[in-house]
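# Understanding the architecture of this molecule
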Amino acid sequence: MIFMKTLINNSILNYIKNVFRKYDDNKKLFSAVLIIWISAFLLYFGVISDSLFITNASLSILALICLFAVFFIK
Amino acid sequence: MTTSVNFIYWFIALFPILVILFFMISLRWSGGRAGSLSWLVTSGIVLFIFGASTKLIAVASLKGLWNTIFIIYIIWGSMAIYNIVDKIGGFQSIASTFTQLTGGNRILQLLVLGWAFPSFLQGVCGFGTPVAVAAPLLIGLGFNPIIATITALLGHSWAVTFGSLGSSYAAIIETTGLDPEGIALTASIFLAIVCVFIGLTICFIYNGLKGLKEGALAAILLSLTMGITLIISATFISPYLASTLAGLVGLLVGGFVLPKIKWFKVKHFEDKKDEKNINFHIAFAPYYILIAIVFVVYLSPLKKLLSVYKIGLSFPETETAVGFINQAISSYNPIELLTTPGTLIFLSALLSILYFYFKGLWKIPYSREIISLVIKQAFPATLTVMTMSMMASIMVDAGLTNLLAQGTAKFTQHFYPIFSPLIGMLGAFMTGSNTSSNILFGVFQRDVANFLGINAIIIASLQTTGGSLGNAISPMDVALGAAVSKIHGQEGTIIKKTILYVIFMEIIVGFLGYLYLKLN
C-alpha cells in the first residue's frame, strides 16, 4: 500500500506534471477551454438524442478536463 | 421521496460554496482551478447524495455553459475596448483630465469613476459592463488594480435592482405578483441606505481609517444625492430609469459640484498639463460611442425591432431521485444576437478603431496586436466563468439552492427578515445575476413571508436588495473584474476583501427590515 502510494505520488504524478510543465499556462488554459466546449457539443448531442452512452462519455471527458485544470493550471 | 430540510442536508448543500470560498480565499487558487474542483464536488454530491442522474448533471452543465456565452462575450469586448484605448495612449489623457477635474483629490476620483459612473452605466446596460468599463479606467488613473476592481464591483452593485432598465425589478414584481409601487418604494429606500454604506466602504477599503476620514463627507454627500434621486425616480418617475438617473446625478455632482467646494480641494495641487497627451474627448471616444449605442438601442423602439433575432437551446425535463423537477424548456435563456451587451461593446470597439484610424491614431497592425492581447488576457476568466457557471447551474437544477433557502427560513423563523437579503445574495452569488436570483427565490420569499404572517412586500424588497449586493462578490462578476484588470489569480483576494462588508450590509438592511416589521 505504502509502495503504491509512493509510486503514485512520486512517479506517476510527477511524470504527468513534467509532461505538462513543458507547456505554458496559456496553452493549457486554451486546451482546457477548447476541450470543455467540444465535450459540451457532444453532451448536447447525447442529451437531445437521449443517448446515455454519449452523455456519460462526454460527461467523463468534462470531469477529466476539470481534474486536469485542478492539478495542472495555476 | 423528498429531502427533509435538516441541518445535515443543508450543510451538504452549502458545501460546494464553502469549497469555492476555501480554495479561492485561503489557498488563493485561481477561479478556473477552484471552479473546476467545485464542479467535480457538486457533481459528486448531487449524484451520490441527492440522487441526480448523469443526465441532470449534463443538462445543468450545458445550461451553465450556455449562460457563460453571454458573459464571455462582454469580457472579450470590454478587453478589446480597454486595449484599444491603451494602444493609442488614451489612459494618460483620461487620467490627466480627471485629475484636473477633481483637483487632484484621489478619493473623489475613486468615488466618481468607481461608484457614480458604474451606477450610471448599470442603469442602462448591466450584466458586468459597468465593472468591465470602470475598473480599467481607475487603473489608468493609477489606482491599485485590486482596489479598482473592488470599487467597481461594490460601486455598481447597489444600482443593480433598478439597473439594466429595471430587469431585476421586473423579475421580482412579475414572479411574486406583489404591488409594483410598494416594492419600488421599499426597495429604493433599502438601496438608498445601502448606498451610504457602499460609499463609506469604498473609502475604507481604499486607505483604511485615513481613507474614511478623507472621503467620508464626499461619500455621504454623494450617497445622499444618489440615494434620494433613486427613491424619487423609483416612486414618482419610473423604476425602470431610477438607477440611470441616480447615477447621472451622482456623476454630475461628483464631477462638477463637489470639486468646487473648498473642503474637497487638495492643498498644493499643481495643474500640470502634458502637451503630449491626446485630447480627452478623443481618448474617451470608445466610451462615448458605447454609451451612445446603448442609449440608442435600449431606449428606443429599435430594441424591440432588433430583439427578434435570438437563439436559445431546448432542454428536456430532469428530475432528482428526491423529486426536484426542472421542466423541459424549448428556448432556454435566448441570446438576443443584435442587442446583447457583448454585441454593442464589440460594435463600439469596431467603430472606435475606425474613428481612430481616420484621426490618424490607428495603424492596421495594431488590430492584430489587440486580437492576440485579448485572447491572451481573456482565457483565464473564460475558464473561471465556465466552471463556476456549470457548478451553479447544477446546484440550481439539483435543488441544492432551493434547499439552502428553505433551510434558512426553517432555522431562523421570526428572525427571517434579517436573513432574507442573504438568500437574495446567495442567488446572485451563484448565478452572477440579481434578475436570476429574483426569479429563483422571489416566489419562495413571498411564500415564507405569507407563512410567517409578515409583509411580503418588505421581504421581496429585501430579496432584491440582497441580490443586488450579491453581485459584488459573485465569482463570475469577480472573474470578469479580475480579467479586465489583468489580475488573473487574484479573484480570491478580491472576494476575501469584499465579502465581510457585503454580508455586514446585508445584515444591516435585513435588521432594518426586521425592525420595521416589528414596529408595524
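Note that the structure is predicted; figures quoted are calculated from it, not measured.

## Here we look at the confidence of the model for chain B
When pLDDT is averaged along chain B, the result is 87; 97% of the residues meet or exceed 70. Predicted complex metrics record ipTM = 0.81 and pTM = 0.80.

## A few points about the packing of helix α2 (residues 25-48) of chain A against helix α3 (residues 54-87) of chain B
Put simply, α2 of chain A and α3 of chain B touch, their axes get as near as 10 Å, and they point 130° apart. Judged by the inter-axis angle, α2 of chain A sits oblique to α3 of chain B. Judged by the sense of rotation from one axis to the other, the crossing of α2 of chain A with α3 of chain B is left-handed. On α3 of chain B, the residues touching Ile36, Trp37, Ala40, Leu43, Tyr44 and Val47 of chain A of α2 of chain A are Ala58, Val59, Leu62, Leu65, Thr68, Ile69 and Ile72 of chain B. Its residues placed into classes, the contact of α2 of chain A with α3 of chain B shows 12 nonpolar, one polar and no charged.

## Notes on unusual backbone geometry
Residues and elements named next belong to chain B. Positive phi, close to 55°, is recorded for Arg28, a residue that is not glycine. Inspection of the secondary structure assignment puts Arg28 in the loop between α1 (7-26) and α2 (31-48). Overall, the relative accessible area of 51% leaves Arg28 in the exposed class. For Asn333, which is not glycine, the phi dihedral falls at a positive 35°. Residue placement: Asn333 occurs in strand β4 (residues 329-336).

## Digging into the interface of chain A and chain B
The interface of chain A with chain B comprises 25 residues on the first partner and 30 residues on the second. Carbon and sulfur atoms supply 81% of the area buried between chain A and chain B, which totals about 2,300 Å² over both sides. Three residues, Trp37, Tyr44 and Val70 of chain A, lead the burial of chain A against chain B; their summed loss comes to 24% of the area buried on that side. The interface formed by chain A and chain B holds one salt bridge in total. The partner of Lys55 of chain B in a salt bridge is Asp50 of chain A, with the nearest N and O atoms 4.0 Å apart. For the interface between chain A and chain B, the tally reads four residue pairs in polar contact (both at pLDDT 80 or more). At the level of elements, α2 and α3 (52-72) of chain A are the ones that each hand at least two residues to the side of chain A that touches chain B. No other element matches the 12 residues that α2 of chain A contributes to the side of chain A that touches chain B.

## Some words on the packing of aromatic side chains
All names here are of chain B. Within this structure, the stated rule accounts for 29 aromatic pairs over all chains. Arranged with centres 5.6 Å apart and planes meeting at 80°, the rings of Trp76 and Phe379 form a pair that is edge-to-face. With Trp76 in helix α3 and Phe379 in helix α15 (residues 364-397), this residue pair connects regions lying 303 residues apart in the sequence. Assigned by exposure class, Trp76 and Phe379 land together as buried. Put simply, the rings of Phe117, Phe280, Phe284, Tyr287 and Tyr288 touch in pairs and so form one group of aromatic residues. Just above the ring of Trp29 sits the side chain of Arg33; from NZ or CZ to the centre is 4.0 Å.

Conventions and cut-offs
Residues numbered from 1 in each chain as written. Chains lettered and ligands numbered in written order. Predicted model: local features only at pLDDT ≥ 70, side-chain atom pairs only at ≥ 80, totals over all residues. Heavy atoms only, no water. pLDDT = per-residue confidence, 0-100. Axes fitted to C-alpha atoms, helices over the stretch in contact; angles between N-to-C directions. Helix = DSSP H or I, 4+ residues; strand = E, 2+ residues; numbered from the N terminus. Parallel < 35°, antiparallel > 145°, perpendicular 65-115°, else oblique. Left-handed = near helix turned anticlockwise from the far one by under 90°. Contact = heavy atoms within 4.5 Å. Nonpolar A, V, L, I, M, F, W, Y, C, P; charged D, E, K, R; others polar. Buried < 20%, exposed > 50% of the residue type's maximum accessible area, 1.4 Å probe, protein only. Buried area = accessible area lost by both parts, 1.4 Å probe. Salt bridge = Lys/Arg side-chain N within 4 Å of Asp/Glu carboxyl O. Polar contact = N/O pair within 3.5 Å; in protein donor to acceptor, adjacent residues only side chain to side chain. Phe/Tyr/Trp six-rings, centres within 6.5 Å; stacked < 30°, edge-to-face > 60°. Lys NZ or Arg CZ within 6 Å of the ring centre and 35° of its normal.

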